[in-house]
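Below, each chain spelled out in residue letters.
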Amino acid sequence: MAEYKRPDAEPAFDIPIEGMSCASCVARVEKAIRSVEGVASANVNLATGRATVALAQPGAAPEAVDEAIRRAGYEPQSDRVDLAVEGMTCASCVGRVEKALKRVPGVLEASVNLATGRASARFLGGHDTVRRLIAAVETTGYEAQEIRQGDDHADRQQAAREAETSSLWRSLLIALVLTLPVFALEMGSHFVPAIHDWVQATLGHQESWYLQFALTTIVLFGPGLRFFRKGVPSLIRRAPDMDSLVVMGTGAAYGYSVAATLAPGLLPQGTANVYYEAAAVIVTLILLGRYLEAKAKGRTSEAIKHLLGLQAKTARVIRDGESLEVPLEEVRVRDFVQVRPGEKVPVDGEVIEGSSFVDEAMITGEPVPVLKAEGAQVVGGTINKTGSFTFRATRIGADTVLASIVRMVEQAQGSKLPIQALVDKVTSWFVPAVMAAAALTFLVWLVFGPEPALSFAIVNAVAALIIACPCAMGLATPTSIMVGTGRAAELGVLFRQGEALQSLKEVGVVALDKTGTLTMGRPDLTDFVTAEGFSKTEVLRLVASVESRSEHPIAEAIVEAAKRQGQHPASADQFEAIPGFGVSAMVEGKKVDVGADRFMGKLGLSVSDFDPVAARLGQEGKSTLYVAIDGRLAAVIAVADPVKPSTPEAIAALHALGLKVAMITGDNRRTAEAIARQVGIDQVEAEVLPDGKVAAVEGLRDRQGKIAFVGDGINDAPALAAADIGIAIGTGTDIAIESADVVLMSGDLRGVVNAIALSKATIRNIRQNLFWAFAYNALLIPVAAGVLYPVNGMLLSPILAAGAMALSSVFVVGNALRLRRFEAPIGAKAEPDPRHQLTEKTA
């Protein structure tokens, strides 16, 4: 196979290096780089912070240079580039482009995706390396262009795909119109006596061949010219691809027929037959397959198109006291933006005036609109429903949540799974192996076949060439990844790392953080029991009046609960906070004390009347406080971080998938075990300090196997990174996605279930595609070669071979498209805030 050859003028690459501060650093780095085998020279410049490395041989690994610099105590800076590659048609093309990219000096890793037509490379060096990468792709016979963040590549790619589909459709129609007469003349004469007699009486036998020659020539070098333009140069470079197989197959059938028509004397006696119909029908059927494949591949990227379509085109901003409608790209950070009913929120921001319900299904998957009032965060692309509001723009352009979602989906769609490794190995030699099999077929039939042996040899060799389908093998994995990750995005699940799509289905235990994951993440008043002779409403108002002077989270929860009941705190005087005990104040002439049981004991009050209630609350993991008014015990109240209503259903669904569920939390064991009993968690790791969560994750892995850790993505970053799969759960605007492999855009734990179920469905779909692609080629290539002929006399016509090949790719893409209909096992639906329900029930 042809591979990228580095010109002599391009043996070096530059590496930006962080951490160098003096001449000693320069010497250490140079020594480290020069110690790597295959490095010819190294020159480090302290002023620019860069090292120029020249390789003595193409095989020298830049990874070794990278590692040597790190061992010396410095940080080499790598970069990443995405390229749009045009002209790839099969898995062999993918392998060839990848090899060319990996041979460019400084490239650490490279991957190519047939379904998206994109290549991604991570490299050491500057923009000069990008030019070398593009040149490497072009050297292999394809066209490449850098994809820059924020450009209109998606629109250009869609336009190019639509133009290609239209071109294929026109070519198909022309080929079909010209092929039908050829097929009717030749095959009709063989199988329908009336057609044979008509041809002989009107056209004549030889004239019929001349007409077929003319029509087939137009088909091959008109609509079919696309195969020759790519296939012939690939053969010349000794790097054959799918187009090369088509060229060889149709060329053999056509060339033999031309010889039989124009120079029959060159052929052995009795072998002057024509196969124009085979050549023409093969081109037509493959064009049909390419057209159907292009249409289907266009649908695999509909998730990205849908996400991009969510963006507003304009925004209404307030400047100099006037409301102006400006293009989206002209919105600036800190602009005041107005949104009316029914309009899309143009960019991310914070509401400063007004309120409304906003449909956030595009980021959370939850269909019920969310109330947005002053101080609330809004996300660009969401839809305003009822009211109007004004917000301050905080993120624009590539920094918005929607832009981040699109980037993550594109990265996941362009990634390769571990399961792809086998496919790459096979496809690297697949096309040459098919050509060898076709050559062997020709020789065997020529030597051992019945008369006319030459005709049998050509027909069966052509069938063997044409039926092979590396396209299906190349599309089997990436199309499923594209559709699966796109469907996941629609459900509010983002796979940041493609590997997570495969690894997630293999986890045996799901470990959950408690605060903000299992629970609402904020304390709330859950229980309020008064002593005889006291009014709940009045006691709640007095307690809230005292707690309004405190900044403790529990105090805030009590004040918030009172406000929801319509009780507004009164003025509190002589406020005193007693650390470890509670708080006291005078409210409307009454002495109000709120605190723990030991505070009541200090005041000389017995809490024994509330012992049964306190015991129950303690078993439920709630924090209990007592209230005394004017020296009399008035009430016992409980504050807790309430469990999300969706949590029990999510835990049950995880169990239904055969998974163990564990909780890792820093809370005390009593509270943690109470919540575990409430929601059905199997194992509890309590009182774990933040730096101990990693050890807890590793311990669970040792005992249970592969582990997925689910956390809020901020405090849990180390554990998210340490787990086999880290799943960040949050609201979409404030989740730390960098630490996780999977991001759930809503705070609903049921998204974990949906992510695992979708992972299983996608990998199952990939395996179906790979089985079909490998089984198809393994079984039908020998059949096309004629191995069944000695058994039952069966031979496969090149026409049937072309039809089978065309349908093979369409089958793979069509099977992948079934993932678009994936239904979430448990729907993520918006629910009322449990704080409202709990407070109303108990207060």
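Residues numbered from 1 in each chain as written. Predicted model: local features only at pLDDT ≥ 70, side-chain atom pairs only at ≥ 80, totals over all residues. Heavy atoms only, no water.

### A word on the pairing of strand β6 (residues 107–113)
Phase 1 of the analysis: Taking burial as the measure, the 7 residues of β6 include 6 buried ones, the bulk of the element.
Phase 2 of the analysis: With antiparallel pairing between neighbouring strands as the criterion, β6 and strand β7 (residues 118–124) make up a hairpin whose turn holds 4 residues, including glycine 117 at a positive phi of roughly 65 degrees. (Buried < 20%, exposed > 50% of the residue type's maximum accessible area, 1.4 Å probe, protein only. Helix = DSSP H or I, 4+ residues; strand = E, 2+ residues; numbered from the N terminus. Pairing = 2+ DSSP bridges.)

### Considering helix α24 (residues 669–679)
Phase 1 of the analysis: Every buried residue belonging to α24 is among Thr671, Ala672, Ala674, Ile675, Ala676 and Val679, and all of these are buried.
Phase 2 of the analysis: Within two residues after α24, glycine 680 carries a phi angle of roughly 90 degrees, on the positive side.

### Focus: the sheet that holds strand β17 (residues 389–395)
Phase 1 of the analysis: A sheet is described by the order of its strands in space; here 6 strands give the open sequence β10-β9-β11-β17-β12-β15, paired in antiparallel fashion. Each edge of the open sheet is held by one strand with a lone partner, namely β10 (322–327) and β15 (377–378).
Phase 2 of the analysis: Where strand β9 (residues 314–319) and strand β11 (residues 336–339) come together, 3 bridges link them in antiparallel fashion. Note that in β11 the partner of arginine 316 across the bridge is glutamine 338.

### With respect to the environment of alanine 674
Phase 1 of the analysis: On the secondary structure map, alanine 674 appears in helix α24.
Phase 2 of the analysis: Put simply, alanine 674 and glutamate 620 are 54 residues apart on the chain and 5.1 Å apart in space, counted from C-alpha to C-alpha.
Phase 3 of the analysis: The residues contacting alanine 674, other than those within four sequence positions of it, are Gln619, Glu620 and Gly621. (Contact = heavy atoms within 4.5 Å.)

### Things to note about the pairing of strand β24 (residues 623–629)
Regular strands have side chains that alternate between both faces of the sheet.
Phase 1 of the analysis: For β24, a buried count of 5 out of 7 residues is recorded, marking the element as mostly surrounded by other parts of the structure.
Phase 2 of the analysis: Inspection of the sheet shows strand β23 (residues 590–595) paired to β24 by 4 bridges, in the antiparallel sense. If you follow valine 592 over to β24, its bridge partner there is isoleucine 629.
Phase 3 of the analysis: Relative to strand β25 (residues 632–640), β24 runs antiparallel, the two being bridged by 7 bridges. What sits directly across from serine 623, in β25, is valine 639.
Phase 4 of the analysis: Joining the antiparallel neighbours β24 and β25 is a turn of 2 residues, in which aspartate 630 adopts a positive phi near 50 degrees.

### Description of the UniProt feature "transmembrane region" (unreviewed entry) in the protein
Phase 1 of the analysis: Taking the numbering used here, the UniProt-annotated feature "transmembrane region" (unreviewed entry) corresponds to residues 168–188, 208–225, 245–267, 273–292, 426–448, 454–477, 770–789 and 795–817.
Phase 2 of the analysis: This span, residues 273–292, is 85% helix and 0% strand, and a straight line between its end C-alpha atoms measures 33 Å.
Phase 3 of the analysis: Along residues 770–789 the backbone is 85% helical and 0% strand, and the end-to-end C-alpha distance reaches 28 Å. (UniProt positions renumbered as here; feature names shortened; annotations may be inferred.)

### Quick word on the sheet that holds strand β18 (residues 493–495)
Phase 1 of the analysis: Within the open sheet, the 7 strands sit side by side as β18-β30-β29-β28-β19-β26-β27. Their pairing is mixed. Both outer strands of the open sheet, β18 and β27 (683–685), are each paired with one neighbouring strand and no more. Taken pair by pair, the neighbouring strands of this sheet meet at an average axis angle of 20 degrees, ignoring direction.
Phase 2 of the analysis: Alignment of β18 against strand β30 (residues 742–744), held across 3 bridges, turns out to be antiparallel. Considered in β30, the bridge of leucine 494 is made with valine 743. (Axes fitted to C-alpha atoms, helices over the stretch in contact; angles between N-to-C directions.)

### A closer look at the pattern of salt bridges
Phase 1 of the analysis: What the rule picks out here adds up to 23 salt bridges.
Phase 2 of the analysis: A salt bridge links aspartate 243 to lysine 230; the nearest nitrogen and oxygen atoms lie 3.4 Å apart. Of the two residues, aspartate 243 is situated in helix α9 (residues 242–262) and lysine 230 in helix α8 (residues 225–236); the sequence distance between them amounts to 13 residues.
Phase 3 of the analysis: Residue class for aspartate 243 comes out buried when judged on its relative accessible area of 2%.
Phase 4 of the analysis: Each of Asp66, Arg70 and Glu75 takes part in salt bridges that share partners, so that together they form one network. (Salt bridge = Lys/Arg side-chain N within 4 Å of Asp/Glu carboxyl O.)

### Remarks on the environment of glycine 580
Phase 1 of the analysis: Within the fold, glycine 580 resides in the loop between β21 (572–578) and β22 (582–587).
Phase 2 of the analysis: Measuring from C-alpha to C-alpha, the distance between glycine 580 and glycine 595 comes to 8.7 Å, with 15 residues separating the pair along the chain.

### A short note on empty space enclosed by the protein
Phase 1 of the analysis: Tallied over the entire structure, the rule returns 2 cavities of 30 Å³ or more.
Phase 2 of the analysis: Roughly 50 Å³ of volume is contained in the largest cavity.
Phase 3 of the analysis: Forming the boundary of the largest cavity are Ile286, Gly289, Arg290, Glu293, Cys471, Met805, Ala806 and Ser809.
Phase 4 of the analysis: For the lining of the largest cavity, the secondary-structure elements that each account for two or more residues are α10 (276–300) and α29 (798–817).
Phase 5 of the analysis: Top contributing element to the lining of the largest cavity by residue count: α10, with 4 residues. (1 Å grid on protein atoms, 1.4 Å probe; cavity = no way out; pocket = protein on both sides within 12 Å on 5 of 7 lines; lining within 4 Å. Points joined across faces, edges and corners; volume = space filled by probe spheres on them.)

### Section: the confidence of the model for the protein
When pLDDT is low, close inspection of the predicted coordinates is not appropriate.
Phase 1 of the analysis: For the protein, the mean per-residue pLDDT works out to 80, and 87% of the residues sit at or above 70.
Phase 2 of the analysis: Considering only residues more than four positions removed or in separate chains, one finds that residues 732–736, a stretch of pLDDT under 50, has 16 contacts.
Phase 3 of the analysis: Low pLDDT, under 50, characterises residues 829–843; the stretch is placed with 40 contacts to residues that sit more than four places away or in other chains. (pLDDT = per-residue confidence, 0-100.)

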